[in-house]
Structures are given as structure tokens and as C-alpha cells.
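Chains, contacts and geometry: an overview
Residue-level listing of the chains:
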Amino acid sequence: MNKLFNVAVAGATGAVGNQMIACLQERDFPIKNLKLLATARSAGRKLRFKGKEIPVEELTEESFSEVDIGIFSAGGATSQKYAPVAARDGCVVIDNSAAWRMDPDVPLVVPEVNPHAVGQYPNKGIIANPNCSTIQMVVALAPIHRMAGIKRIVVSTYQAVSGTGKKAIDELYDQTKAMLNFLEPEKKVYPHRIAFNCLPHIDVFLENGYTKEEMKMVNETRKILEDDSIGITATTIRVPVFFSHSESINVETRDPITADEVRTLLEDAPGVTVVDDPSKNLYPMPIDAAGRDDTFVGRIRADESVPNGINLWVVSDNIRKGAATNAVQIAEILANDYLGK
């Protein structure tokens, strides 16, 4: 495919937006013209792409004329306002917010799991990028589900502060530095100190006692795996790590499958790297996943408390595979299989 595309990145100056630009460059996406969009206060800033300085423009309703693909990481309210406008102008939107994920007319896509869903984009001209913690979990679990059928998932996440944005990264750094200098740390982003602490609280609490983040994992996983019968329960925890989310996942399968079979299955799975040799202290860790695109899986073992139970430890960079890389991978499918024809 030799066609080039006009691409816009909305929310270009944020942490994820910056990484989206980097991923477009790293993966050599076929771009004719790149438009960088953000709020009025960021307009005029210049960001580098392939050795050139590109000025940031203010995001408006007129931003998407002659744009083929718009990659959004500008928040839910912005996406709700501008994604339909962009779609009306003929731009296909890949949205990183939660605004469109559970819309039945909008495909929710993880390229290693359900690339066929991209074909639903004409419904509204919008494709949703899943939640970061959902993405890495389904990349690891989809091969198991196809082989043995997953009956139930119990997941606890240990999520990096970068999932909250740059202000949270700065807060962890500043609080850590303050405490090491015997000073009182300031709390601005989180309700409690995050340095040397864990917060079992990501997003708002709902009436059922779960947080919004936890229910995202439940509902998005069922949609992506196309199976509403899977029982899922989640506990999401913010930890004092800068980059990469970790997850302890317990699955109960419908058909028997051994830990060795799971290990072999995942060694051949797209987007997965198995790191699983506890005798040599080899297992996935956030410091090793940061800056990389794969989902790392280890501590694969049978759950001896139930029939057909398997335990996994899954780690992935939440800014890359959990957001930017996944969005650009969706754009690649769109360009190669649909818009490029």
C-alpha cells in the first residue's frame, strides 16, 4: 500500500499524545500531512516529527476538513464534542477516552485480539481504544479463551501513576523527594499520599462499591472477547510506580488446560512475551516493560484451589501498548485494510 494519509493527533501535548506522535514516527505510518491539535493555551507550541518542527493548532470544529484519520487523546468531554464533528467531515476517529467504548455502534479494538471489529467503523466513523488495564489483560487472555473458554476472571491491578497523567508523575517524584529529605509531602492529584503507599482507588466509586475503572475492565473485556457470559471481578490499585501496569490474574476455564499448555500458547501469541523462569528470578516487572510495546506474562501456574484454574502475572507499558501504540496499530489496520483500498 503506497497511499499516504492526512493524520491529526488531538491532545498532542499530553503524555499519551506525545507518545502517539512518537509511535507514528517509530512505526513509519504512511503520513502525507500531520496536524497537531490541543487547547488554545497550547496553540503555537512546536513538537518534533521526523526532524521537523510542527506547530500545535487549537482544536476547533473546523480542524478535521481534509483529515483522513484522527487519533484522539484529549479526554472524554472533548471526544464527545469533536469526534462526531470529525466523523461528519469524513475523518475516521480513533478515540482513547472512555466516551465511546461501550456504544454498541462503536467497535472497541485490540489488534491482537479482535482486528475484524475495525470493519464496523462506518457505523459512526469512530473506533474506541480500550482502557489501558483492559488492553494488556485481553492480549494475554484471548489465546486462552479461544483454546479453553474462560468462565471467570478475578483480576487485581497495580497501576502506575502515569495512568493519571503528567501531574501525577510529578506528584510521585516530588513526594518521594520530599520524604527522603524529611519534609511533608504535598497532595494535589490523589486524595492520599502516593509515595511509598498503595491506593485501592482508581476513578470514582459507583453505587455497587466498585470503582469506574474496575467496571471498565468488566464491561470492556466482555465486549472485546465478544462473550457476555464471562464472570469478571476486578480490584484496581494505584501504586508508586512511574510507568507500566501490573496485573495479578486468576482465570477459571470451561475446558481443562495446564499451565504448560498456557505457557506454550502464550509463547506463540501475537504481542506477548513470556518471561517465566522463577528458578532464575525471571518474571515480568514494570521496569523491564517500560518503553516497550509487548505484553509480558509470567508466574504461569495452576490454581490448585479450583478445577481448571490458572494464575498469571501480566505487565505492560500503559502509555505505549495501553494507549498510544494500540491506537496506532488500529490506524494501521484501518489504513491497510480499509482506507488504502
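Preceding block: the structure.
Keep in mind that what you see is a predicted model, and the values were worked out from it rather than measured.

How each quantity is defined
- Residues numbered from 1 in each chain as written.
- Predicted model: local features only at pLDDT ≥ 70, side-chain atom pairs only at ≥ 80, totals over all residues.
- Heavy atoms only, no water.
- Helix = DSSP H or I, 4+ residues; strand = E, 2+ residues; numbered from the N terminus.
- Rg over C-alpha atoms; globule rule 2.2 N^0.38 Å.
- Buried < 20%, exposed > 50% of the residue type's maximum accessible area, 1.4 Å probe, protein only.
- Areas by Shrake-Rupley, 256 points an atom, 1.4 Å probe, with all protein chains shown as cover.
- Lys, Arg positive; Asp, Glu negative; His and termini not counted.
- Charge placed at Lys NZ, Arg CZ, Asp CG, Glu CD.
- Phe/Tyr/Trp six-rings, centres within 6.5 Å; stacked < 30°, edge-to-face > 60°.
- Contact = heavy atoms within 4.5 Å.
- Pairing = 2+ DSSP bridges.
- Axes fitted to C-alpha atoms, helices over the stretch in contact; angles between N-to-C directions.
- Parallel < 35°, antiparallel > 145°, perpendicular 65-115°, else oblique.
- Left-handed = near helix turned anticlockwise from the far one by under 90°.
- Nonpolar A, V, L, I, M, F, W, Y, C, P; charged D, E, K, R; others polar.

The helix and strand inventory of the chain stands at eight helices and 13 strands. Computed over the C-alpha atoms, the radius of gyration of the chain is 20 Å, within 12% of the 20 Å expected from 2.2 N^0.38 for a compact globule of 341 residues. For the chain, the spread of C-alpha atoms along the principal axes amounts to about 60 × 55 × 40 Å. When each of the 341 residues of the chain is scored for burial, the buried share is 52%. Element-wise, carbon and sulfur atoms account for 49% of the exposed surface of the chain, whose accessible area totals about 15,400 Å². Considering the chain, the positive charge centre built from 37 side chains and the negative charge centre built from 44 side chains are found 5 Å apart.

Take the packing of aromatic side chains next. Applying the stated criterion across every chain yields a total of four aromatic pairs. Ring centres of Phe5 and Phe29 lie 6.3 Å apart, and the angle between their planes is 45°; this geometry places the pair in the tilted category. Highlighted residues: Phe5 in strand 1 (residues 5–10) and Phe29 in the loop between helix 1 (15–26) and strand 2 (31–38), separated in sequence by 24 residues.

Moving on to the environment of Gly70. Topologically, Gly70 is positioned in strand 5 (residues 69–72). Owing to a relative accessible area of 0%, Gly70 belongs among the buried residues under this scheme. Leave out the neighbours within four places in its chain, and Gly70 touches Ala8, Cys91, Val92, Val93 and Ile94.

Turning our attention to unusual backbone geometry. Residues other than glycine seldom take positive phi values, yet Asp203 does so here, at roughly 75°. In this structure, Asp203 sits in the loop between helix 4 (166–180) and helix 5 (212–225). A relative accessible area of 31% places Asp203 in the partly exposed class. The phi dihedral of Ser244 falls on the positive side, at around 90°, and the residue is not glycine. Here Ser244 shows up in the loop between strand 9 (231–238) and strand 10 (245–253).

A few words now on the sheet that holds strand 7 (residues 126–128). Whether parallel or antiparallel, the strands of a sheet pair through hydrogen bonds between backbone atoms. Judged by pairing direction, the sheet is mixed, and its seven strands sit side by side in the order 3-4-2-1-5-6-7 without closing on themselves. Since the sheet does not close on itself, it has two edges, and those belong to strand 3 (46–49) and strand 7, each with one partner. Here the strands of the sheet are splayed against their neighbours by 30° on average, with no regard to which way each runs. Sheet analysis places strand 1 next to strand 5, joined by four bridges and oriented parallel. Along strand 5, the bridge assignment pairs Ala8 with Gly70. Across the face of the sheet, helix 2 (residues 76–88) comes into contact with strand 5, strand 6 (92–95) and strand 7 while running at roughly 175° to strand 5.

Moving on: the environment of Asn33. With respect to the secondary-structure elements, Asn33 resides in strand 2. Placed 33 residues apart in sequence, Asn33 and Glu66 show a C-alpha to C-alpha distance of 9.9 Å. Those residues within four positions of Asn33 in sequence are excluded, and the remaining contacts are Phe5, Asn6 and Val7.

This part is about the packing of helix 3 (residues 132–148) against helix 6 (residues 259–267). Contact geometry of helix 3 with helix 6 gives a least axis separation of 10 Å together with a crossing angle of 120°. By the angle between their directions, the pair helix 3 and helix 6 is classed as oblique. Considering how the two elements wind past one another, helix 3 and helix 6 form a crossing that is right-handed. Judged by residue contacts, Ala140, Pro143, Ile144 and Met147 of helix 3 engage Val262, Leu265 and Leu266 from helix 6. Its residues assigned to classes, the contact of helix 3 with helix 6 comprises seven nonpolar, no polar and no charged.

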